[in-house]
Amino acid sequence: MIEPPLAVLAELTHRCPLRCPYCSNPVDLAKASEELTTGEWAAALREAGELGCLQVHLSGGEPTARRDLPEIVAAARAAGLYTNLITAGVTLDAPKLSQLIAAGLDHVQLSVQDAETEGAERIGGLRGAHARKREAARLVKQFGLPLTINAVVHRQNLHNLPALVELALAWGAARLEVAHVQYYGWALANRAALLPTRAMLDAATLVVGAARERLKGRLVIDYVVPDYHAVRPKACMGGWGRRFLAISPRGDILPCHAAESIEGMMFPNLRDTPLRDAWLDSEAFNRFRGTAWMPSPCRGCAHAERDWGGCRCQAAAMLGDPAQTDPACALSPHHGLLREAVQAAGADGFAYRG
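This structure is a prediction, so every number in the text was calculated from the model and none was measured.

Asks: Looking at this structure, I do not really get the overall build of the protein. What am I missing?
Replies: Check the secondary structure of the protein and you find 14 helices and 9 strands. For 354 residues, the compact-globule estimate of 2.2 N^0.38 gives 20 Å, and the C-alpha radius of gyration of the protein, at 20 Å, lies within 12% of that figure. In terms of overall dimensions, the protein has a C-alpha envelope of 55 × 45 × 40 Å along the principal axes. Expressed as a percentage of its 354 residues, the buried residues of the protein come to 54%. Counting only contacts in the protein whose residues sit at least 6 apart along the sequence, the fraction spanning at least 24 positions is 72%. Summed over all atoms, the accessible surface of the protein reaches about 14800 Å², with 54% contributed by carbon and sulfur.

Asks: Mind showing me how you'd approach the layout of surface pockets here?
Replies: Where empty space is left in the structure can be found by rolling a water-sized probe over the atoms. In this structure, the second largest pocket spans a volume of roughly 290 Å³. Along the wall of the second largest pocket there are 17 residues; nearest its centre are Pro26, Asp28, Arg250, Glu260 and Ser261. Among the residues forming the lining of the second largest pocket, the class breakdown is 8 nonpolar, 5 polar and 4 charged.

Asks: When you look at the packing of helix α1 (residues 38–51) against helix α2 (residues 69–78) in this model, what are you seeing that I'm missing?
Replies: Between two packed helices, the angle of one axis relative to the other and the distance separating the axes together describe the packing. Between α1 and α2, the shortest axis-to-axis distance is 8 Å and the interhelical angle comes to 20 degrees. With respect to their mutual orientation, α1 and α2 come out roughly parallel. Here the hand of the crossing between α1 and α2 comes out right-handed. Mapping the contact onto sequence places Thr38, Trp41, Ala42 and Leu45 in α1 and Glu71, Ile72, Ala75 and Ala76 in α2. When grouped by side-chain class, the residues that make up the contact of α1 with α2 number 6 nonpolar, 1 polar and 1 charged.

Asks: Where do I start with the packing of helix α6 (residues 161–170) against helix α9 (residues 198–214) in this structure?
Replies: Following both chains from N to C, one finds α6 and α9 inclined at 30 degrees, their axes separated by 10 Å at the closest point. Taken as axis vectors, α6 and α9 run roughly parallel relative to one another. The two elements α6 and α9 meet at a crossing, and its hand is right-handed. Judged by residue contacts, Leu161, Pro162, Val165 and Glu166 of α6 engage Ala204, Val207, Val208, Ala211 and Arg214 from α9. Looking at the contact of α6 with α9 residue by residue, the class counts come to 7 nonpolar, no polar and 2 charged.

Asks: When you look at the nonpolar core in this model, what are you seeing that I'm missing?
Replies: Taken as a class, soluble globular proteins show a tendency for nonpolar side chains to be buried jointly. Residues Leu58, Ile149, Leu176 and Ile247 are the most contacted members of the largest nonpolar core, which totals 63 residues. Not counting residues up to four positions away in its chain, the partners in contact with isoleucine 149 are Leu110, Val112, Leu167, Ala168, Trp171, Ala173, Arg175, Leu176 and Glu177.

Asks: Is there a simple way to explain helix α4 (residues 117–124) in this structure?
Replies: Count 3.6 residues to each turn of an α-helix, and residues three or four apart come out pointing the same way. Among all positions in α4, only Gly119, Ala120, Glu121, Ile123 and Gly124 are buried. Taken from the residues just after α4, glycine 125 is the one with a positive phi, measuring 70 degrees.

Asks: Sorry, what's going on with the pattern of salt bridges here?
Replies: Pairs can form between side chains of opposite charge whenever their charged atoms are close. All told, the structure shown has 15 salt bridges when counted by the stated rule. Between arginine 66 and glutamate 35 there is a salt bridge, and its shortest N-O distance comes to 3.4 Å. Taken together, the residues arginine 66 in the loop between β2 (55–59) and α2 and glutamate 35 in the loop between β1 (7–11) and α1 connect sequence positions 31 residues apart. For arginine 66, a relative accessible area of 6% corresponds to the buried category. One salt bridge in this structure joins arginine 271 and glutamate 40, with 3.1 Å as the shortest N-O distance. Of the two residues, arginine 271 sits in the loop between β9 (253–254) and α10 (275–281) while glutamate 40 sits in helix α1, which places them 231 residues apart along the sequence.

Asks: Quick question: what am I supposed to make of the sheet that holds strand β6 (residues 175–180) here?
Replies: Whenever strands of a sheet pair, they do so through backbone hydrogen bonds, lying parallel or antiparallel. Strands sit in the order β7-β6-β5-β4-β3-β2-β1-β8-β9 across an open sheet of 9 strands; the sheet is mixed. Looking along the sheet, the strands with just one partner apiece sit at the ends: β7 (220–224) and β9. Strand direction decides the pairing type here: strand β3 (residues 82–87) and strand β4 (residues 107–112), joined by 4 bridges, are parallel. Considered in β4, the bridge of leucine 85 is made with valine 108. Set on the sheet, α6 makes contact with β4, β5 (147–153) and β6; between it and β5 the angle comes to about 165 degrees.

Asks: Mind showing me how you'd approach the pairing of β1 here?
Replies: Strand residues, when the strand is regular, have side chains that alternate between the two faces of the sheet. A large share of β1 lies buried, amounting to 5 of its 5 residues. Alternating positions in β1 separate into two faces, Ala7, Leu9 and Glu11 on one and Val8 and Ala10 on the other, with burial throughout. In terms of strand pairing, β1 meets β2 through 5 bridges, oriented parallel. If you follow leucine 9 over to β2, its bridge partner there is histidine 57. Note on the crossover from β1 through α1 to β2: the handedness is right-handed. Relative to strand β8 (residues 244–247), β1 is paired through 4 bridges, and the arrangement is parallel. In the strand pairing of β8, alanine 10 is matched with isoleucine 247.

Asks: It is not clear to me how the environment of valine 152 should be interpreted in this structure. Could you clarify?
Replies: Assignment of secondary structure puts valine 152 in strand β5. The residues touching valine 152, leaving out its near neighbours within four places in the chain, are Tyr22, Val112, Gln113, Asn157, Ala179 and Val181.

Asks: Is there a simple way to explain helix α5 (residues 129–142) in this structure?
Replies: Between its terminal C-alpha atoms α5 stretches 20 Å, which fits the 20 Å expected from 14 residues at 1.5 Å a residue. Among the residues of α5, those classed as buried are Ala129, His130, Lys133, Ala136, Ala137, Leu139 and Val140. Check the buried side of α5 and you find it contacts α3 (94–103), β4, α4, β5 and α6. Positive backbone phi, at 85 degrees, marks glycine 144, one or two positions downstream of α5.

So, how was this worked out
Residues numbered from 1 in each chain as written. Predicted model: local features only at pLDDT ≥ 70, side-chain atom pairs only at ≥ 80, totals over all residues. Heavy atoms only, no water. Helix = DSSP H or I, 4+ residues; strand = E, 2+ residues; numbered from the N terminus. Rg over C-alpha atoms; globule rule 2.2 N^0.38 Å. Buried < 20%, exposed > 50% of the residue type's maximum accessible area, 1.4 Å probe, protein only. Contact = heavy atoms within 4.5 Å. Areas by Shrake-Rupley, 256 points an atom, 1.4 Å probe, with all protein chains shown as cover. 1 Å grid on protein atoms, 1.4 Å probe; cavity = no way out; pocket = protein on both sides within 12 Å on 5 of 7 lines; lining within 4 Å. Points joined across faces, edges and corners; volume = space filled by probe spheres on them. Nonpolar A, V, L, I, M, F, W, Y, C, P; charged D, E, K, R; others polar. Axes fitted to C-alpha atoms, helices over the stretch in contact; angles between N-to-C directions. Parallel < 35°, antiparallel > 145°, perpendicular 65-115°, else oblique. Left-handed = near helix turned anticlockwise from the far one by under 90°. Core = buried A, V, L, I, M, F, W, Y, C linked by side-chain atoms within 4.5 Å. Salt bridge = Lys/Arg side-chain N within 4 Å of Asp/Glu carboxyl O. Pairing = 2+ DSSP bridges. Right-handed = clockwise from strand over helix to strand, strands pointing away. Expected span 1.5 Å × (residues − 1).

Okay, here's the thing in structure tokens:
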């Protein structure tokens, strides 16, 4: 039996004032003229609620670039969805936030690029952004919404992880997501500049462990580690087409936000396919569901129904074939590619998101 998805990631736009070199958006960015309309998003969110989704993450790009964001939030609330705004915060002012709250916004997740201004603005590629983020966090707390800080960490900011923990406290967050970069799209193009050493990763893990213990009851810390130092792959998104779906700005219905990076795969689109049909019956969603598709050594492995074969996007990115064993698995014949990538890392400059 295929259970309904718990959450839908609504990527409202690829437009963004930041140029982060690890951006999860595809290299082929959607133009504003290609984006779903207000009515199309409202219909999609209604279908998501009817399908059984519990929450929607309103993302981008920068979702506040859409002037109709309050209408989209209201549509999500009408559909019975818990609404989480994932934002860079640099365009989030008091009037805009007030409109969103009136429309039914429940939560704000604010991204930060580093704990100190110079590093944050070098990584994000926008002067003045860090101060604007601080002000956005202040407004979120002033208006009484819960706040999560999302800190994407990598080779060039991991030394500031203790300061990022303190920033989350100072800015009033109840939750901090420490998310190591995942290497698709723009991040893959910048892998040599972003990929940490094993020593860096181990030090970061100790920082997170100590902070969790010290701040228990004050700050919840989620921790997402990179696959490149792993011996077992993650159950990416809880397994392909199991608990999560994403909708791109153009209306493509995806099993994960990075699935568009898999060359040659065709995905259903909201403009001609109901969300329920895409989730239950489409070839794309069923392609890697369960275990029947798995090659050796995944097939029959004791971990097959724990990690679900790992990440299809990573297999496609590194091996050119999404049906291969995720090279993050030590049993993969291609596991050495990760070690080689770590050894080759160390560049300083970025290729910024367009």
